[in-house]
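# Examining the three-dimensional arrangement
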Amino acid sequence: MATERSYVSYATAAVALAAIPLSFVGPEGLRLAVIGLLMLAGPGTALVLLLHFGPTRSATTAGALPLIIAIAIAFSLTMSTLVATAMIYAQLWSPPAGVCVLSILTLAFLGLEFKRPQRALVRAK
Amino acid sequence: MTHETATSPVHTAHRHEAHAHVGGAKPPTHRNLGLTPSWHIGALAATAAAALALGVWSMTQVDPLRIGGAGLIGVLPPAYFVALGLSLAGFVASLSLRRLVPALLTWQLLVTVVVLAGADPIIHGLPRLEASFRHLGIADTMGQSGQLDPSLDAYFDWPGFFSLLGMLSGATGAKDLFGIATWAPVGINFLLLAPLLALTRRLTANPRQAWAAVWIFYVASWIGQDYLSPQAHSFVLLLTLVACLLSVFAGWAWPTEGTGFSRWLARSVSKLDSSVPGYGAVEPRRTDTAVLVVVCGLFLLAMTASHQLSPFAAIPILAALLLTGHLRLRFLPVLAVVLPVGWLIFAASTFLSGHFGQLLGSFGDIGANSLGALSTRVSGSDAHVLVVYTRIAEVALVWILAVAGAIVGYRRKAPWLAAAAAALAPLVLIPLQPYGGELLLRLYLFSLPFAVCLAVLPLMSENTAGLSLRRALALLLMGAVLATATVVSRYGNDGMESFNDDEIALVNRLYSTAPTGAVLIEAVRNTPWRYQHYADYDYRALVAAEPIPNAAPLSCDAANQIAHKAGAYLIVTESQREAAELRGSTPTGDLQRFTATCATSPGWTKVYENAGGVIFHIEGVTNGN
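Cut-offs applied
Throughout, residues of each chain are indexed from 1 in the direction in which the sequence is written. Labels are handed out in written order, letters beginning with A for the chains and numbers beginning with 1 for the ligands. Per-residue local features are limited, in this predicted model, to residues with pLDDT of at least 70; the limit for side-chain atom pairs, both in listing and counting, is 80 or more; totals at the level of whole chains, interfaces and linings are taken over all residues. Hydrogens and water molecules were not included; the side-chain quantities draw on all heavy atoms of the structure. Any carboxyl oxygen of Asp or Glu that lies within 4 Å of a side-chain nitrogen of Lys or Arg is treated as forming a salt bridge with it. Residue burial is assigned from relative accessible area. The probe radius is 1.4 Å, only protein chains are included, and a residue is buried under 20% of its type maximum, exposed over 50%, and partly exposed in between. Secondary structure follows DSSP: runs of H or I at least 4 residues long count as helices, runs of E at least 2 residues long count as strands, and numbering of each begins at the N terminus. One bridge is not enough; two strands pair if DSSP finds at least two bridges between them. Only protein atoms enter the 1 Å grid used here. Points where a 1.4 Å probe fits but cannot escape make up a cavity, open sets with protein on both sides within 12 Å along at least five of seven lines make up a pocket, and a residue lines them when an atom lies within 4 Å of a point. Grid points are joined across faces, edges and corners, and a volume is the space filled by probe spheres set on the points. Here the nonpolar group is Ala, Val, Leu, Ile, Met, Phe, Trp, Tyr, Cys and Pro; Asp, Glu, Lys and Arg are the charged ones; every other residue, Gly included, is treated as polar. Comment: axis = line fitted to C-alpha atoms, over the contacting stretch for helices; angle = value between 0 and 180 degrees taken between N-to-C directions. Between 65 and 115 degrees an angle is taken as roughly perpendicular, under 35 as roughly parallel, over 145 as roughly antiparallel, and anywhere else as oblique. Left-handed describes a crossing whose near helix is turned anticlockwise from the far helix through less than a right angle; right-handed describes the clockwise counterpart. Contacts are assigned to residue pairs that have any heavy atoms within 4.5 Å of one another. All domain edges in this entry derive from an automatic or database-based domain assignment. Two parts placed together each lose some accessible area under a 1.4 Å probe, and adding up what both lose gives the buried area. Polar contact criterion, stated in full: a pair of N or O atoms within 3.5 Å, where within protein one must be able to donate a hydrogen and the other to accept it, and residues adjacent in sequence count only if both atoms are side-chain atoms. Think of a nonpolar core as a cluster: buried Ala, Val, Leu, Ile, Met, Phe, Trp, Tyr and Cys residues, connected wherever their side-chain atoms sit within 4.5 Å. You can read pLDDT as the predictor saying how much it trusts each residue, on a scale of 0 to 100.

### Description of the pattern of salt bridges
Residue and element names in this part refer to chain B. According to the stated counting rule, one finds 13 salt bridges over all chains in the structure shown. D538 serves as the salt-bridge partner of R540, at 3.0 Å between the closest nitrogen and oxygen. Two residues, E578 and R577, come together in a salt bridge whose shortest N-O distance is 3.9 Å. Take R577: its relative accessible area is 21%, and that puts it in the partly exposed class.

Below, the structure written as structure tokens:
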């Protein structure tokens, strides 16, 4: 389970990092795939990795998988919608900047998730 | 300890025992561990793959030009129905296994979605509904300009979804999102799977019923609001919101012994439904729970910024959950009211000031907003009327099953009240306004995820170990009836709702011919245009694609009057003709007569013609007429 989580973390971080340069330049198909994936699942996946829905390996956590996936997608769509809407109302419209904000948000959540086990370890000591 | 467990402590231990019996928490034995041979699972997965291949192949054999008034059902080859039958039978067989295999069930549901919702990309290769094209145009306009122009139309007062698309387009350099719009019905149904499953797990007695409920949702979801639209986007958010609340924040929002009313309410709820939804709940840590509260608020905000109706549908659903002891966050229904009302007053003030009378004109007129709006839809060609009756029958069947399920749930002491309350809750919107005659359709969609949790009850036992042959056959029969009805009802307007490459070429020709700012007229409001140059032209229509009793023939004068000042371009397409015939917007054959007659009128020049339609230029007084 922990290994799977780290794979998902690395993949999410890779998408978030790749999206930043691709929001400015790159082949259209690749940009659409990477940035589309970030907007659809990036910040939400990082968020659900940060949250703990129950004891690791428990039946509860396994049963919560549909909810976890749903929150990952809905939160990503929500943040993409709110960032885009805020830019348009603030008259600061810049799609690449919006994507950068989503990438930074994703990486920030992943960073917090990365720090979390260390905090738990310190407390345990 | 949640209020949920505190409400009836006398029965708590008994309930936990009951849950252990029905909820799948039995100690492992060779039976409930499930010793399903792996070849069974492999065979069922292969059957789904065969259904997918056959379904896709059979759809590629359809000739779109042969689609008539009854829609797609008339031209689908028998192989399609074999594929549909295989996908349905495979799912029921998987549901009958002693041990559920989630990966297999997921694969089978995805196949069913492609077979049922994949007609647009596979048969037509273009987005469904002229609204899809409009939505692309609005996103394009916002993406290009970064500005809102509420004077254009109401979409610019709820820009959330369109600015999202605009950001995608702008950040990827993709000027053409046709591919995404074409595959949207399949993609959106895929996105709905996780929230639906999370939701049904909290509203049913065991995972088997939850999977069956999701399956029934897909086979009974004929509304077709799953195109690239703000309502589809908001529906994903709404279902996730409710699933999250039921999973993390279930329970009473107040002490049930606090006041007389709360005591009476808790006792009444407990009498009606004494079951405890014992599975599917998660218990995050305190800080994570606080984060999820914020996340739920953000879901509401994103819905509010994106769609007019969906946030208002969330209000009664959240209120219903609050009053049945399934929502601990008492402030959330209040927030659900404050956000859309505040948005209407402050962000959508242009719309509000221009449409105040229209918004409240039908307030309280339940008859006009419900049966009145419904009766106007039972019109048009004979084939179309048959399609409309099929839709009504399908809705009736789902609701009859849901009512029967509520009764069965009450008798069995299985969970039913929350699903029933949430299914009925959206109906309180009926007195508000007819929503352009579409309110009942939309309410069916909002109710469906909850109604299906009840609809499975008469057909499935509480036993967690497989389905009996009798129940499996009954479930399969019901699924087959609903799925076939959905093919009729979902694609019943296919002639007018789908478009072809010739029509797109015609529209592109119009844009390359007409100068910016020109008046563009469509004979019937059903043209795949405005996907670009949304704000660059003055778009008009001679007649709406709506049923018009004793419709008058179209006259050249109507177009001449619009073109009188500075001239105009008129476009007449095949799907306009289909729409007029199907909905009864003009007398039968009138569009051909109109085109033939007006073509010889003074000042009318044929600019371009292909198999998709014709473009005329009509001269105005300033350019010679």
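### Let's talk about the pairing of strand β3 (residues 568-573) of chain B
Residues and elements named next belong to chain B. Here β3 lies mainly inside the structure; six of its six residues are buried. On β3, burial covers both faces: A568, L570 and V572 on one face and Y569, I571 and T573 on the other are all buried. In terms of strand pairing, β3 meets strand β5 (residues 613-618) through six bridges, oriented antiparallel. Directly across from Y569, in β5, lies its bridge partner H617.

### What about empty space enclosed by the protein?
All names here are of chain B. This model, assessed by the stated rule, comprises five cavities of 30 Å³ or more. Here the second largest cavity is characterised by a volume of approximately 90 Å³. Taken together, 13 residues form the lining of the second largest cavity, with L192, S221, Q225, D226 and L445 sitting closest to its centre. Contributions of two or more residues to the lining of the second largest cavity are made by α9 (178-203) and α11 (230-248). A total of three residues in the lining of the second largest cavity trace back to one element, the largest contributor, which is α9. Among the residues making up the lining of the second largest cavity, the classes are represented as seven nonpolar, four polar and two charged.

### Concerning the packing of helix α2 (residues 28-50) of chain A against helix α4 (residues 65-89) of chain A
Residue and element names in this part refer to chain A. In contact at an axis separation of 6 Å, α2 and α4 are set at 120° when each is read in the N-to-C sense. Viewed along their axes, α2 and α4 adopt a mutual orientation that is oblique. Crossing of α2 against α4: the hand is right-handed. Note on element contacts: α4 touches α2 through I68, I71, A72, I73, F75, S76, L77 and S80, opposite L38, M39, L40, A41, G42, P43, G44, T45, L47 and V48. The residue inventory of the contact of α2 with α4, partitioned by class, reads 13 nonpolar, five polar and no charged.

### A closer look at the domain arrangement of chain B
Reports of interface size often rely on the accessible area that becomes lost once the parts have come together. Residues and elements named next belong to chain B. You can read the domains of chain B as domain 1 (3-35 + 127-466) and domain 2 (499-623). Computed over C-alpha atoms, the centres of domain 1 and domain 2 are 39 Å apart. Each partner contributes residues to the interface: domain 1 has 21 residues there, and domain 2 has 17 residues. For the pair domain 1 and domain 2, the two sides together bury roughly 1400 Å², of which 63% comes from carbon and sulfur. On the surface where domain 1 and domain 2 come into contact, there are zero salt bridges. Summed over the shared surface of domain 1 and domain 2, the number is one residue pair in polar contact (both at pLDDT 80 or more). Residues of the side of domain 1 that touches domain 2, tallied by class, amount to nine nonpolar, seven polar and five charged.

### As for the interface of chain A and chain B
Contacts between the two partners involve 45 residues from chain A, matched on the other side by 52 residues from chain B. Surface buried jointly by chain A and chain B totals about 3700 Å² across both partners, of which 76% is contributed by carbon and sulfur atoms. Where chain A packs against chain B, one counts zero salt bridges. Inspection of the region where chain A meets chain B yields six residue pairs in polar contact (both at pLDDT 80 or more). Among the elements that take part in the side of chain A that touches chain B, α4 of chain A stands out by supplying 20 residues, more than any other.

### Section: the environment of G55 of chain B
All names here are of chain B. Structurally, G55 is set in helix α3 (residues 38-60). Linking G55 and L168, residues 113 residues apart in sequence, is a C-alpha distance of 32 Å. Apart from residues no more than four positions distant in its own chain, G55 is found in contact with Y80 and A83.

### Let's talk about the sheet that holds strand β2 (residues 538-543) of chain B
All names here are of chain B. Pairing within the open sheet is mixed, and its five strands lie in the order β2-β1-β3-β5-β4. Each edge of the open sheet is held by one strand with a lone partner, namely β2 and β4 (604-610). Averaged over all neighbouring strand pairs, the angle between strand axes comes to 25°, with direction disregarded. Relative to β3, strand β1 (residues 519-524) runs parallel, the two sharing three bridges. When the sheet's bridge partners are listed, E522 is paired in β3 with I571. Together, β1, β2, β3, β4 and β5 form the strand contacts of helix α23 (residues 501-513), whose direction differs from that of β3 by roughly 175°. In the packing of helix α25 (residues 574-583) onto the sheet, the strands contacted are β1 and β3, and the crossing angle to β3 comes to about 65°.

### Side note on the side chain of S87 of chain B
Along the chain, the position of S87 of chain B falls in helix α4 (residues 78-95). Within the structure, S87 of chain B has its side chain in polar contact with the backbone oxygen of L84 of chain B (distance 2.8 Å).

### A closer look at the nonpolar core
Counting residues in each nonpolar core, the largest one holds 203 residues, and the members touching the most others are L95 and L520 of chain B. In terms of residue count, the dominant contributor to this core is α4 of chain A (14 residues). Counting contributing residues per domain, this core is built from domain 1 (3-35 + 127-466) and domain 2 (499-623) of chain B, each supplying no fewer than three. Membership of the second largest hydrophobic core comes to 25 residues, among which are V524, V543, L554 and V614 of chain B.

### Remarks on the confidence of the model for chain A
With 84% of its residues at a pLDDT of at least 70, chain A reaches an overall mean of 88. Mean pLDDT across the elements of chain A bottoms out in helix α3 (residues 59-63) of chain A (61) and peaks in α4 of chain A (97).

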